[in-house]
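The primary structure of each chain is shown beneath.
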Amino acid sequence: MNDFEYRYVLFVDNAGQALGLTCFYSVTTDIAIFAPGLLRALLNGVRRVFPNFLKLRMLECGTPITITSPPFARCADVTDAEMVSALHDVLHQTARAEGQLLIVVREFHRHGYHWIDSLPNTYINIEWATPDRYLSAMRSYYRSKLLKHLKRNQTAGISHRLVDDFDGLAETLHAQWMIVHESAREFQREVLTPEFYRRFSQDMGAHSKAILFYREETLVGHALLLVDGESPSAGRGSSWISALESMAGASF
């Protein structure tokens, strides 16, 4: 993804046995990313002359894909406190060596780190065996809205396909991503490059999927999915994907 630079740290004991693993990355970030509208308008004027004003390289620890992921993995006989101390040392050594001014970590605030608000995260527990049961469990107001949107999509000729292999569409999907990215007014940072789409499809195999939305025969949008846990071809994971595929038209 654009200018992300990833590093992986394997913590070992004196015998070379693995004790823990973490990932961190450096990336250019607009530190005024959540500034109010008036201030952003002023910044846009300044950046016509100084394009990188209030944009810094910073270190972030954790994966950029999901904000709820833990910052490290460890063996059972290693404590969180030991991992945090070792991780703190690595991050500060790297920051000093590379001139990084900010370090962002998740899930802990020892060693002088301070809590700040993060981006909101939304998830839904899949408790319904079929889309019809999901629809029946909704409040009448939301059910009527969903049915109205589904009918509108049907009238407009909107359809969808769920696919495992989408690396051949990497350039097209990147172009669609950029339309949304460049229209965003509140948050802009990572850019999903064509190489990201290719590698996501190829390296993750059946665990990576794309919902492709069509108007008649024209591809007009997409959504990416990553299936965690069991293999998508086994047990409940397969049912979850089937249900999601049936409901996908509702999200267009």
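Our structure's up above, just so we're on the same page.
Analysis parameters
Residues numbered from 1 in each chain as written. Predicted model: local features only at pLDDT ≥ 70, side-chain atom pairs only at ≥ 80, totals over all residues. Heavy atoms only, no water. Salt bridge = Lys/Arg side-chain N within 4 Å of Asp/Glu carboxyl O. Helix = DSSP H or I, 4+ residues; strand = E, 2+ residues; numbered from the N terminus. Buried < 20%, exposed > 50% of the residue type's maximum accessible area, 1.4 Å probe, protein only. Pairing = 2+ DSSP bridges. Axes fitted to C-alpha atoms, helices over the stretch in contact; angles between N-to-C directions. Contact = heavy atoms within 4.5 Å. Expected span 1.5 Å × (residues − 1). Disulfide = S-S within 2.5 Å. Phe/Tyr/Trp six-rings, centres within 6.5 Å; stacked < 30°, edge-to-face > 60°.

*Asks:* Help me out: how do you make sense of the pattern of salt bridges in this one?
*Replies:* A side chain with one charge may pair with a side chain of the opposite charge, provided their charged atoms come close. Using the criterion set out here, one finds seven salt bridges in the structure. Between glutamate 195 and arginine 198 there is a salt bridge, with its nearest N and O atoms 3.5 Å apart. Residue glutamate 195 and its partner arginine 198 are both found in helix 6 (residues 194-204); the two are separated by three residues, about one turn of the helix. Look at glutamate 195 and you get partly exposed, because its relative accessible area is 40%. Residue classification places arginine 198 among the partly exposed positions, given a relative accessible area of 26%.

*Asks:* Where do I start with the sheet that holds strand 8 (residues 218-226) in this structure?
*Replies:* In sheet architecture, strand pairing relies on hydrogen bonds along the backbone and comes in two forms, parallel and antiparallel. Overall, antiparallel pairing links the three strands, which are arranged 6-7-8 in an open sheet. Whereas interior strands pair on both sides, the edge strands pair on one side only; in this sheet they are strand 6 (158-163) and strand 8. Pairs of neighbouring strands in the sheet enclose a mean axial angle of 20°, with direction left out of account. Here strand 6 runs beside strand 7 (residues 208-215); their pairing, made up of six bridges, is antiparallel. Directly across from leucine 162, in strand 7, lies its bridge partner isoleucine 211. Against the sheet, helix 5 (residues 170-183) contacts strand 7 and strand 8, and its axis sits at roughly 90° relative to strand 8.

*Asks:* So what exactly am I meant to see when it comes to helix 5 here?
*Replies:* Each turn of an α-helix holds 3.6 residues, which means side chains three or four residues apart point in the same direction. In this model, helix 5 (14 residues) spans 20 Å end to end at C-alpha, consistent with the 20 Å of a helix rising 1.5 Å per residue. Looking at helix 5, one finds that the buried residues are Ala170, Leu173, His174, Gln176, Met178 and His181. Residues of helix 5 that are buried make contact with helix 6, strand 7 and strand 8.

*Asks:* Would you mind showing me how to read the pairing of strand 3 (residues 55-61) here?
*Replies:* Along any regular strand, the residues point their side chains to alternate faces of the sheet. Examined bridge by bridge, strand 2 (residues 18-30) and strand 3 share seven bridges and lie antiparallel to one another. Pairing of serine 26 across the sheet is with leucine 59, part of strand 3. Examined bridge by bridge, strand 3 and strand 5 (residues 102-104) share three bridges and lie parallel to one another. Within strand 5, the residue paired with glutamate 60 across the bridge is valine 104.

*Asks:* Is there a simple way to think about the state of the cysteines in this case?
*Replies:* By definition, a disulfide links the sulfur atoms of two cysteines through a covalent bond. Under the criterion given, the structure shown has zero disulfides. No disulfide involves cysteine 23; its sulfur sits 7.4 Å from that of cysteine 61, the nearest cysteine. Look at cysteine 23 and you get buried, because its relative accessible area is 13%. On the accessibility criterion, cysteine 61 (1% relative accessible area) is buried.

*Asks:* What is the right way to read the side chain of serine 26 from this model?
*Replies:* Structurally, serine 26 can be placed in strand 2. For serine 26, a relative accessible area of 1% translates into the label buried. In contact with serine 26, not counting residues within four places along its chain, are Asp3, Phe4, Glu5, Arg7, Arg57, Met58, Leu59 and Gln100.

*Asks:* What should I look at first to understand the packing of aromatic side chains in this one?
*Replies:* Any pair of aromatic rings gets described here by the distance separating the centres and the angle formed by the planes. All told, the structure shown has eight aromatic pairs when counted by the stated rule. With 5.3 Å between their ring centres and 40° between their planes, phenylalanine 4 and tyrosine 25 make a pair best called tilted. You can see phenylalanine 4 sitting in the segment before strand 1 (5-12) and its partner tyrosine 25 sitting in strand 2, a full 21 residues away along the chain. The same class applies to phenylalanine 4 as to tyrosine 25, namely buried. Through a chain of ring-to-ring contacts, the aromatic side chains of Phe166, Phe196, Tyr197 and Phe200 assemble into a single cluster.

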